[in-house]
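Remarks on the overall topology
Each chain, written out:
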Amino acid sequence: MFLKNAWYVAAMPEEVGKAPLARTVCGEKLVFYRGPDGKAVAVEDFCPHRGAPLSLGYVENGRLVCGYHGLAMGCDGKALDMPGQRVRGFPAIKSYAVEERYGFIWVWPGEPEKADPAMIHHLDWAEKAEWAYGGGLYHIKCDYRLMIDNLMDLTHETYVHTGSIGQKEIDEALVSTKTEGEHVMTSRFMDGVQPPPFWRMALRMNDLADDVKVDRWQICHFHPPSHVLIEVGVAHAGQGGYHAPDAVKASSIVVDFITPETETSHWYFWGMARRFKPGDAALTTQIREGQGKIFNEDREMLEQQQQNLLRWPERHLLKLNIDAGGVQSRRIIERKLMEEVAA
Amino acid sequence: MFLKNAWYVAAMPEEVGKAPLARTVCGEKLVFYRGPDGKAVAVEDFCPHRGAPLSLGYVENGRLVCGYHGLAMGCDGKALDMPGQRVRGFPAIKSYAVEERYGFIWVWPGEPEKADPAMIHHLDWAEKAEWAYGGGLYHIKCDYRLMIDNLMDLTHETYVHTGSIGQKEIDEALVSTKTEGEHVMTSRFMDGVQPPPFWRMALRMNDLADDVKVDRWQICHFHPPSHVLIEVGVAHAGQGGYHAPDAVKASSIVVDFITPETETSHWYFWGMARRFKPGDAALTTQIREGQGKIFNEDREMLEQQQQNLLRWPERHLLKLNIDAGGVQSRRIIERKLMEEVAA
Amino acid sequence: MFLKNAWYVAAMPEEVGKAPLARTVCGEKLVFYRGPDGKAVAVEDFCPHRGAPLSLGYVENGRLVCGYHGLAMGCDGKALDMPGQRVRGFPAIKSYAVEERYGFIWVWPGEPEKADPAMIHHLDWAEKAEWAYGGGLYHIKCDYRLMIDNLMDLTHETYVHTGSIGQKEIDEALVSTKTEGEHVMTSRFMDGVQPPPFWRMALRMNDLADDVKVDRWQICHFHPPSHVLIEVGVAHAGQGGYHAPDAVKASSIVVDFITPETETSHWYFWGMARRFKPGDAALTTQIREGQGKIFNEDREMLEQQQQNLLRWPERHLLKLNIDAGGVQSRRIIERKLMEEVAA
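Residues numbered from 1 in each chain as written. Chains lettered and ligands numbered in written order. Predicted model: local features only at pLDDT ≥ 70, side-chain atom pairs only at ≥ 80, totals over all residues.

**Looking at the environment of Cys220(A)**
All names here are of chain A. For clarity, the cut-off: Strands here mean DSSP runs of E at least two residues long; helices mean DSSP runs of H or I at least four residues long; both are numbered from the N terminus. Three exposure classes are used, all based on how many other C-beta atoms lie within 10 Å of a residue's own C-beta (placed from the backbone): buried at 20 or more, exposed at 12 or fewer, and partly exposed between those limits. Throughout, a pair of residues is in contact if the C-beta atoms placed from their backbones lie within 7 Å.
Looking at where Cys-220 falls in the secondary structure, it is placed in strand E14 (residues 214-223). In this structure Cys-220 comes out as buried when scored by C-beta crowding, with 26 C-beta atoms within 10 Å. Taking the C-alpha atoms as reference points, Cys-220 and Leu-154, 66 residues apart in sequence, are found 8.7 Å from one another. In contact with Cys-220, not counting residues within four places along its chain, are Leu-151, Met-152, Leu-154, Met-185, Thr-186, Val-228, Ile-230 and Gly-325.

In structure tokens form, the structure reads like this:
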């Protein structure tokens, strides 16, 4: 069961080009394409004529044409026309609210009439010139909530990402979690530590010494339905840490949009927004490649964790203080789900 | 549920050679081999001794010998002998009526005592010297009836086979369907059109101009349990079309034997019988290769259509006039199935 | 359902090295590693913190550390510690009795308090210098009892292993089976036969003429839960056969430890213990490679037999005199299983 009346990231804009894109979101099998005005739209991936997937068809003048027998569909899920046939009376297929914003295509898998674009989570960094963004997409075979847990407890960096961003001090630093309304925040500050390889690279790229001690921070923000945005960075030690002036730090936001596909799989849109050298495309590529490798290290752990949970469904997992971020995030999802079901 | 008291094409003769052939037809797991007289026979693919598949064994003097412990089986499904054992009292496995005719091996998956070889669908072209035949076999993961629908409505050629036999005029031509007893016929005639690439090739091979307008026809014939034979051809325009003299036309029969394997898979025996240049083996190869590519284009559409129908089992597909051929064919299958169940 | 209070071979010692080893035995998902004293141990492959497989972690000073968030487990399944957390109150996961003996790692998947190492099946050859052993491990997708049947009836050698150890005379020789307590013994003696290729090789390696007639024997011993040890050999004909002096024979023991994984898969530890040229490592390799090829020939037959049995669950297999070994072995398993369930 998923929170359906919510905005999820469904695709990157370049994925919805000339050809239709098949993608299942929250159990809804959708096809995305661009309508007559170039706007991204989505309807069910099911031709009302013979049940063929519309995603095997093509787009012509903003009309989605079934590749089996030529039925043309409108963005509203109504049949438009078909050579030699009267099709206007066909039962419509479902259409979905879709918005393109902040460099992502968002979908609202629930009731379209409730879909208010103003409810799309605001991304300040996506609108400002001093920021640059690069990211990718992974298909992960586990419950999307396991990925939320993963990202709201960065303790795992020490173990899963040993060679890049992990360091022993993460384990040792106190973690603090608080919830304000639907916003969960988990923070960790490590002062006077050696920067691990990824951050040494970031310091160098930012023209800063990388062989000195740093103050490091991680502030994870959960927002429903399943966004995790993590402020991360290092500053030369003793200069104020998170609050240090830009000239002595390298900081960025790890961006995680976690979109359920089925109960045991999800689309993981990952990336990094950085507030240094925004015009340096080579740096964007370098960071994306590094981050892609790191996030791929989580895959086996999460997918096998999922298999273990399916095998032992009766077992209760333990919730330590480091798990508070995930626990509180799930509680918000659960509460909103109850509200949605009740409504 | 399948029509079991019927003749289906099970294999091509060259598939049943020295080694036994495992093949499931209408849910029956069979092994085909050649008995003492070289005649193709079929029994259940299950050794009554330890349940090993007999298809892993070998044929010796027309006896099927289990490859696990050497039990020799007779064509009637009775155990013949086994070194050092008395096996004549073993319970028999099922044997099936099999006939080799018209260049195909046919099986009757139902009650053998009802299997009358005279009921095998007559193929005139297979017996006459002025015809040549070439074809192939595909395993397709969808309900065999979706393939019947596909072949009884050639509208899809415009969309699925754009680069070979599709052309816009198929969509525009009126389609007419009629049923006579157990024979469904769907026809379409397109006069004065440009021949598409496949037919230009056929005209050239037939020593005819390929850069002129043609009259094109498609007459699909369904016969139970699941045979679709399609008269197709082009004649230089204005010479009588389907009835034009041989000297100005290229015509052939698309041969489709569609044999259920499971509820969601089938064996698709496809081919083309042509009434021109029957002795030209290179032409047979060329046509088979072209046709093989074309029929492979249907695969993804049909298999994904099947997946969609499994996902939305409650949805009713729409039946347009172009679907009449499939609808009437399915009605005949349904009626015969009810008769078979009642009997 | 498996006999759980029994010793099974779980791994070869070299498989449990620096990294933890995931292996499912009798439906129990286990992780094997070496504890502080280097002794092999096993616990459930499930971290009590978040359910991650412990086999994805690492071993540090004999402590199994979860690779997700660093929980360290003890050999008894109790949580030891975790950075910054109090974990001693965590519910323990199951731990298992494990012994390393005779060159194998044995596990007792049932109640550890009943696990008496003295009950490990005694292997005389594994302790004596005049014997050499070589073997391997296959994962086979069938019920482990089908493998017991296979090995307790060597008639199949004639059919499955034609080019190596099979020969027509196996079929013709009388087979005799007897049960003494929990020990089933099936014997076959073939006097004055041509040695098949594998045995010609063994004779040559043993500096004996290989172009003469031999007396050949096969004595299969089943011991619960699922061990099959087969005395096999050939002696120059007329010298006493099984009882002939060493100087005129080549003999060995085929070693088969058959460890259930799931109801339809098992781990097959196969090998050969020989009492000639024990110091010849090249010979060990040569025999292992030959035997590996032979035992791989059984795989397709057994796995497809399993598929057939699943497809026709209602069919009763026939039990001939050659099947007596398997039948009596299964009867012992069944009786012990009833005792275990009753207890």
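Moving on from the model shown.
**Remarks on the relation of the copies chain A and chain B**
Rule in force here: Here the copies were fitted onto each other by least squares, based on C-alpha atoms from residues at pLDDT of at least 70 in both.
Relative to chain B, chain A is turned by 120 degrees and slid 0.1 Å along the rotation axis, the superposed coordinates differing by an RMSD of 0.0 Å. Considering both components of the superposition, the chain copies are consistent with a three-fold axis.

**A closer look at the sheet that holds strand E6 (residues 63-65) of chain B**
Residues and elements named next belong to chain B. The condition that has to hold: Should DSSP find at least two bridges between two strands, the strands are regarded as paired.
The strand order E5-E6-E7-E8 describes an open sheet built from four strands, whose pairing is antiparallel. Pairing within the sheet leaves two strands with one partner each, and these edge strands are strand E5 (58-60) and strand E8 (79-81). For E6 and strand E7 (residues 72-73), the ladder comprises two bridges, and the chain directions are antiparallel. Within E7, the residue paired with Leu-64 across the bridge is Met-73.

**Quick word on the environment of Asp124(C)**
Here Asp124(C) is to be found in the loop between strand E10 (104-108) and strand E11 (132-140). Sequence separation between Asp124(C) and Tyr102(C) is 22 residues; the distance between their C-alpha atoms is 8.9 Å.

**Details of the sheet that holds E10(C)**
All names here are of chain C. To be explicit about the condition: Here the axes come from fitting lines to C-alpha atoms, over the contacting stretch only for helices, and the angles between their N-to-C directions go from 0 to 180 degrees.
Ordered by their spatial adjacency, six strands build an open sheet running E1-E10-E9-E4-E3-E2, and the pairing between neighbours is antiparallel. At either end of the open sheet lies a strand with only one pairing partner, and these are strand E1 (8-11) and strand E2 (21-25). If you compare each strand with its neighbour and ignore which way they point, the axes differ by 35 degrees on average. Pairing of strand E3 (residues 28-34) with strand E4 (residues 40-44), which is carried by five bridges, proceeds in the antiparallel orientation. Of the residues in E4, the one forming a bridge with Leu-30 is Glu-44.

**Brief notes about the interface of chain C and chain A**
Just so we agree on the cut-off: Gly falls in the polar group here, along with every residue not listed as nonpolar (Ala, Val, Leu, Ile, Met, Phe, Trp, Tyr, Cys, Pro) or charged (Asp, Glu, Lys, Arg).
Across the boundary between the two partners, chain C contributes 17 residues, which contact 19 residues of chain A. When the residues that make up the side of chain C that touches chain A are grouped by side-chain class, the tally is eight nonpolar, seven polar and two charged.

**Points about the pairing of strand E13 (residues 183-193) of chain B**
Residues and elements named next belong to chain B. When strand E12 (residues 175-180) meets E13, the two strands line up antiparallel, connected through six bridges. Bridge assignment links Thr-179 to a residue of E13, and that residue is Val-184. Between E12 and E13, which pair antiparallel in sequence order, lie two residues; one of them, Gly-181, sits at a positive phi of approximately 60 degrees. By the bridge criterion, eight bridges tie E13 to strand E14 (residues 214-223) in an arrangement that is antiparallel. When the sheet's bridge partners are listed, Met-190 is paired in E14 with Arg-216.

**Quick look at the environment of Pro260(C)**
All names here are of chain C. Note that Pro-260 resides in strand E16 (residues 249-262). For the pair Pro-260 and Gly-192, spaced 68 residues apart in the sequence, the C-alpha separation amounts to 39 Å. Contact partners of Pro-260, with chain neighbours within four places excluded, come to Phe-2, Cys-26, Tyr-144 and His-266.

**Observations regarding the interface of chain A and chain B**
Quoted interface sizes are often the accessible area lost when the parts come together. Taken together, the contact pairs 17 residues of chain A with 19 residues of chain B. Looking at the side of chain A that touches chain B, its residues break down into eight nonpolar, seven polar and two charged.

**Here's the deal with the domain arrangement of chain A**
Residues and elements named next belong to chain A. Condition: All the domain ranges listed were derived from an automatic or database domain assignment.
If you check the domain split of chain A, you get domain 1 (8-119) and domain 2 (124-342). Of note, the centres of domain 1 and domain 2, computed from C-alpha atoms alone, are 33 Å apart. Contacts between the two partners involve ten residues from domain 1 and, on the opposite side, ten residues from domain 2. For the side of domain 1 that touches domain 2, the secondary structure elements donating two or more residues are strand E1 (8-11) and strand E2 (21-25). Ranked by residues supplied to the side of domain 1 that touches domain 2, first place goes to E1 with three residues.

**Observations concerning the packing of helix H1 (residues 144-152) of chain A against helix H6 (residues 324-342) of chain A**
Between two packed helices, the angle of one axis relative to the other and the distance separating the axes together describe the packing. Residues and elements named next belong to chain A. Quick reminder of the rule: An angle below 35 degrees is treated as roughly parallel, one above 145 as roughly antiparallel, one from 65 to 115 as roughly perpendicular, and anything else as oblique. For any pair of crossing helices, the crossing counts as left-handed if the nearer helix is rotated counterclockwise from the farther one by less than a right angle, and right-handed if it is rotated clockwise.
With their axes 7 Å apart at the nearest point, H1 and H6 run at an angle of 140 degrees to one another. With respect to each other, H1 and H6 are oriented oblique. Seen from above, H1 lies across H6 with right-handed handedness. Taken together, the residues of H6 that come into contact with H1 (itself represented by Arg-145, Ile-148, Asp-149 and Met-152) are Gly-325, Gly-326, Ser-329 and Arg-330. Among the residues making up the contact of H1 with H6, the classes are represented as two nonpolar, three polar and three charged.

**Digging into unusual backbone geometry**
All names here are of chain A. That bond from Pro-224 to Pro-225 is cis: its omega, 5 degrees, falls within 30 degrees of zero. Examined against the element boundaries, Pro-225 turns out to sit in the loop between E14 and strand E15 (227-236). In this structure, Asn-61 is a non-glycine residue whose phi angle is positive, near 50 degrees. Of note, Asn-61 is situated in the loop between strand E5 (58-60) and strand E6 (63-65). By the C-beta count within 10 Å, which is 8 here, Asn-61 ends up exposed.

**Let's talk about the packing of H1(A) against helix H5 (residues 281-311) of chain A**
Residue and element names in this part refer to chain A. Running from N to C, H1 and H5 cross one another at 130 degrees; their axes reach a closest spacing of 10 Å. Classed by the angle they form, the pair H1 and H5 counts as oblique. You can see that H1 and H5 cross each other, and the crossing is right-handed. Contacts between H1 and H5 involve Leu-146, Met-147 and Asn-150 from the former and Asp-298, Leu-302, Gln-305 and Gln-306 from the latter. Across the contact of H1 with H5, the residue classes break down as three nonpolar, three polar and one charged.

**Looking at helix H6 (residues 324-342) of chain B**
Residues and elements named next belong to chain B. Here is the rule we go by: Here a helix's expected span is defined as the number of its residues, less one, multiplied by 1.5 Å. Note that the arc is defined by the directions from the helix axis to the C-beta atoms.
Under the 1.5 Å per step criterion, the end-to-end length of H6 is 27 Å for 19 residues, consistent within 8% with the ideal 27 Å. Every buried residue of H6 is accounted for by Gly-325, Gly-326, Ser-329 and Ile-333. The buried residues of H6 occupy one face: seen down the axis, they fall within an arc of 90 degrees. Facing away from the buried side of H6 by over 90 degrees, the exposed positions are Arg-331, Glu-334, Arg-335, Met-338, Glu-339 and Ala-342. Of the surrounding elements, those touching the buried residues of H6 are helix H1 (144-152), E12, E13 and E14.

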